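Close look at the chain arrangement
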Amino acid sequence: MVSSKQYSKIISLHFSPDVVRRPMMYNLAKQFDLTFNILKARISPREEGHMTLELSGKEEDYKKGISYLQEHGISIQDVAQSITRDEESCTHCGLCTALCLVRALWLDEESRKVLFDNNKCTACSMCTRVCPVGAMNSEANGDF
Ligand code: SF4
Ligand code: SF4
């Protein structure tokens, strides 16, 4: 069952040059009463658009908004699924925690382990570049 409670998720969008010129984000906010916080946006040399954003609103409105975007040919990826950590490789050195601005990676004082919450991750890929043992991995989105 879809509830009316507040819902928030970080997603990445990929869209064609044709969509870049349309006011999709304005329509999304106006028609479905959603708010969004753009975390990263880029137009490629071929004029395709890439955007990472946090989308918030009532869960039923969120689902309608996602359907609206998909109906207009925008492919959507849940950012929480795009960055993963190989738990066996991580040595809990803590290097990545200094670079993770949204604190998706942080040192737990009690256990002295570095914890990872992929729901806070914005897929900036900083941790994947610095991890000395390659424990943090980026899938599908490449360098976006
Ligand atoms: S930099 Fe790599 S090894 Fe070190 S805590 Fe982060 S994920 Fe683990
Ligand atoms: S990609 Fe790594 S550094 Fe960037 S937000 Fe996610 S966990 Fe933090």
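What counts and what doesn't
- Residues numbered from 1 in each chain as written.
- Chains lettered and ligands numbered in written order.
- Predicted model: local features only at pLDDT ≥ 70, side-chain atom pairs only at ≥ 80, totals over all residues.
- Heavy atoms only, no water.
- Salt bridge = Lys/Arg side-chain N within 4 Å of Asp/Glu carboxyl O.
- Buried < 20%, exposed > 50% of the residue type's maximum accessible area, 1.4 Å probe, protein only.
- Near = heavy atom within 4 Å.
- 1 Å grid on protein atoms, 1.4 Å probe; cavity = no way out; pocket = protein on both sides within 12 Å on 5 of 7 lines; lining within 4 Å.
- Sits in = over half its atoms within 2 Å of the grid points.
- Nonpolar A, V, L, I, M, F, W, Y, C, P; charged D, E, K, R; others polar.
- Domains from an automatic or database assignment.
- Buried area = accessible area lost by both parts, 1.4 Å probe.
- Polar contact = N/O pair within 3.5 Å; in protein donor to acceptor, adjacent residues only side chain to side chain.

**Details of the pattern of salt bridges**
- Going through the model one piece at a time under the given rule, you end up with six salt bridges.
- In this structure, Glu109 and Arg112 form a salt bridge, with 2.8 Å as the shortest nitrogen-oxygen distance.
- Glu109 sits in the exposed class, given a relative accessible area of 58%.

**Some details on the site of ligand 1**
- Neighbouring residues of ligand 1: Cys90, Thr91, His92, Cys93, Gly94, Leu95, Cys96, Val114, Cys131, Pro132, Val133 and Met136.
- For ligand 1, the cavity whose grid points lie within 2 Å of the majority of its atoms is the second largest cavity.
- The class makeup of the residues in the shell around ligand 1 is nine nonpolar, three polar and no charged.

**A word on the site of ligand 2**
- The local shell around ligand 2 consists of Ile83, Cys100, Val102, Ala104, Leu105, Phe116, Cys121, Thr122, Ala123, Cys124, Ser125 and Cys127.
- Of the residues assigned to the shell around ligand 2, the class counts are 10 nonpolar, two polar and no charged.

**Quick notes on the domain arrangement of the protein chain**
- Annotation of the protein chain at the domain level lists domain 1 (6-79) and domain 2 (83-138).
- A straight line from the C-alpha centre of domain 1 to that of domain 2 covers 26 Å.
- Here domain 1 meets domain 2 over a buried area of about 410 Å², counting both sides, of which 55% is carbon and sulfur.
- Three residues, Ile10, Lys40 and Val79, lead the burial of domain 1 against domain 2; their summed loss comes to 82% of the area buried on that side.
- Put simply, domain 1 and domain 2 have zero salt bridges between them.
- There are one residue pair in polar contact (both at pLDDT 80 or more) connecting domain 1 and domain 2.
- Of the residues belonging to the side of domain 1 that touches domain 2, the class tally is three nonpolar, one polar and one charged.

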